[in-house]
Structure formats: structure tokens, C-alpha cells
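Read off the chains here:
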Amino acid sequence: MLTYIARRLLFLPLVLLGVTVFIFVAMSFLSPYQLVSSYIKSPEELKNQSLDDLVKKYRLDDPAYVKYFRWLGNVLRGNLGYSRSANMYVAEAIKARFPATLELTLFAIIPVVLGGIWLGSLAAMHHNKPIDHVTRVFAIIGWSLPSFVFGIVLLMYFYGVLGWFPPGRLSTWADQIVLSSSFVRYTGMNTVDAILNGEWRVFWDAVRHLVAPTISLSYLWWAFILRITRSSMLDVFNKDYVRTARAKGLAENLVIRRHVRRNALIPVATVAGLMVLGMLGGLTITETVFDYKGLGLLTATAAQQLDYTCVVGTTLFYGLILVVINLVVDIMYAIIDPRVRLE
């Protein structure tokens, strides 16, 4: 397995190079006058220069291959350009917003995966019984309900009516503590930093702000994982090796734990990897509904304001996450099912 991982890591730069080529080709559809906006940090720079002067100054009319290698060089140096919507460099904006998205993903992923697998297993083990029908209805509603509608309902009831789970990342008083000089930012994740600083009031306030978006995300993905787990387990139940295990007199819980669930988890691992990828790439709708300042809200705001530089930068970051998570999913296959050989 180590050989396989090393080989995949060696291919990683080539894959990332392909990602940069794809993104640059997409960027080439923009005119030099649209691209010049990524170099302008304030309207003051436009007072004494025309757009043609700026295009020549930043060499945006160079041949495509010249512009690609210059852009690639800037990317390798961590220079993704300046974001007008975030009012800072794109790399700094991603660095500032990604911990918030990562924190929300970590809070959501554990209940989603464990809850989805448990509900899917429960439905499969009680196939065509009341429990199965209830979980199927639960899954159909969860998968059919638009996430922004469910998010707004949660926000309206739990914040508007009960006042329990407010939007945003922190209350104003907690935000002032976090921004004070005495509070050290270790990770950018409010809950982790609050624990490390011993600020338990800030920790509970951060958790209170995470509950509603976590429930909103969980319901959607619970339904998805439940359906995959249920159908996969029902398929495995009909395999010959399961019938053989039952014929040998093995207890049903052992049959499920050793032979059914483990083999049924391979497609679940695939969709779970894609689910993590989708979350880390930015939960645009959820973050927008709950005014949660993460990577998704950054990308949505940049797209609304035609901030091409920020959109390209976040897309490149998303591509990097995609490549890494695909590698992790491939390794998980071999861990879950020893029959999968990675050599």
C-alpha cells in the first residue's frame, strides 16, 4: 500500500498541472479588459491611466502560453491575485475563510456518516417492515427538500421563534473577545481556539451558531447516505457467502457485522468522499442562508460581484482538495475491503 500511495503522490503534481491548464483555458474566455480588474486594488489607480495602458502594463495582451506560465509562476509563489469582493489578496481570503468551512464540515461529517450508515443498516435489516417504510419516507423528504428551504425553516423557527440558534459564526460580545489581543488564533476554528484559550463562553457560543447549519446539512446528507447504505446492504444480503454464513449457523448480528456491512460500505465510502469534497469546497447555500462566513459564502459573493480572480482562486483550491480526497478514498477502499489490491 505504501508503494501505491507513493506512486499516487508522485502523480499528484501532474494532476494539479492538468487542473491549472483546465482553469487557465476557462480564464482565456475572458477579455484582457476583464482580466485587468484582478490587478486593480482601488479606483484611484484608474484616475491617471486608461484601460489600454493597464493592459499593456500588466502584459495581458501577451500570447496565451506566455500568460499561462506567468500565471502559473504566480500561483506557485502563492500569489492568486487581488480580490475586490473580499478587499484582500485571494490567498489571504482563502486562508481566513477555509477554517470556518472546515469547522462546519467536521461538525457535520461525523453525525452524517454514522447516522446515515446506522439508519441505512436499520432499514435494510427490517426490509419492507414499518421501520424500513419510516426511514424511506424520511430519506425521500430529506433528499427532495431544497436545502435553502430547510435552512430558512430552521432559521425562522429556532432563531426567529425560540431565539436558540442565531446565524453567523459568533455573537457580537464573543466576536469582541476573539478579536482582542488576549485571544490567540491557533487554527481559525472558533471552537478549537476557544478551548485552547480556555474561553468556554466563546466555545458554547460558537457551538450554538453551528447547530442550525449542521442540522441543515445533516438532514440532506443523512438521506443520501441512508439510501446508498440501504440499497448496498440489500444487494449484499443476497450474496452466496452471506447465505453460506447463515447456513453454518452464524448469529445474524455477526453475519451483518462481519460479512454484510463491511462489503456494503465500499459505495458508501465513495459517496462519503464526494460528500466531504462538496463540503470542503464550500457550502455555498448553507453558508449564505446562515450568514456563515466560510469559503462558500466567499465564492458566492465573488461570483455575484464578477470578481473573476477570487472565483478562479477558490476553484483552484477546490481542485487541490478534489485530488487529495480522491487519493484518501482510494486508500479507504483497501482498508474497508482487503480484496481490493492497490498494487
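The preceding data block contains the structure.
This section reports on the structure supplied with the text.

## Some details on the packing of helix α5 (residues 90–125) against helix α6 (residues 130–144)
- Following both chains from N to C, one finds α5 and α6 inclined at 140°, their axes separated by 8 Å at the closest point. In terms of axis orientation, α5 runs oblique to α6. Of the two possible hands of crossing, α5 and α6 adopt the one that is left-handed. Packed against α5, whose contacting residues are Leu119, Leu122 and Ala123, the element α6 presents Ile131, Asp132, Thr135 and Phe138 at the interface.
- Here the residues of the contact of α5 with α6 are counted per class, giving 5 nonpolar, 1 polar and 1 charged.

## Things to note about the nonpolar core
- In terms of nonpolar packing, the biggest core is built from 31 residues, with Ile23, Met27, Leu60, Trp71, Leu80, Ile94 and Leu316 touching the most fellow members.
- Contributing elements (two or more residues each) for this core: α1 (2–27), α3 (51–57), α4 (64–76), α5, α14 (295–304) and α15 (308–336).
- The element that contributes the greatest number of residues to this core is α15, accounting for 7 residues.
- Every residue in contact with Ile94, bar those within four places of it in the chain, is listed here: Leu80, Pro99, Leu295, Leu298, Gly313, Thr314 and Phe317.
- Of all hydrophobic cores here, the second largest spans 18 residues; its members include Ala108, Ile117, Leu217 and Phe224.

## Details of the packing of aromatic side chains
- Under the criterion given, the structure shown has 12 aromatic pairs.
- Centroid distance Tyr68 to Trp71: 6.3 Å. Interplanar angle 45°. Geometry classified as tilted. Of this pair, Tyr68 and Trp71 are both found in helix α4, 3 residues apart, which corresponds to roughly one turn of the helix.
- Geometrically, the ring pair formed by Phe158 and Phe165 is tilted, given 5.6 Å between the ring centres and 40° between the ring planes.
- For Phe158, a relative accessible area of 21% gives the class partly exposed.
- The rings of Phe24, Tyr68, Phe69 and Trp71 are connected pair by pair, giving a single aromatic cluster.

Rules used in this analysis
Residues numbered from 1 in each chain as written. Predicted model: local features only at pLDDT ≥ 70, side-chain atom pairs only at ≥ 80, totals over all residues. Heavy atoms only, no water. Axes fitted to C-alpha atoms, helices over the stretch in contact; angles between N-to-C directions. Helix = DSSP H or I, 4+ residues; strand = E, 2+ residues; numbered from the N terminus. Parallel < 35°, antiparallel > 145°, perpendicular 65-115°, else oblique. Left-handed = near helix turned anticlockwise from the far one by under 90°. Contact = heavy atoms within 4.5 Å. Nonpolar A, V, L, I, M, F, W, Y, C, P; charged D, E, K, R; others polar. Core = buried A, V, L, I, M, F, W, Y, C linked by side-chain atoms within 4.5 Å. Buried < 20%, exposed > 50% of the residue type's maximum accessible area, 1.4 Å probe, protein only. Phe/Tyr/Trp six-rings, centres within 6.5 Å; stacked < 30°, edge-to-face > 60°.

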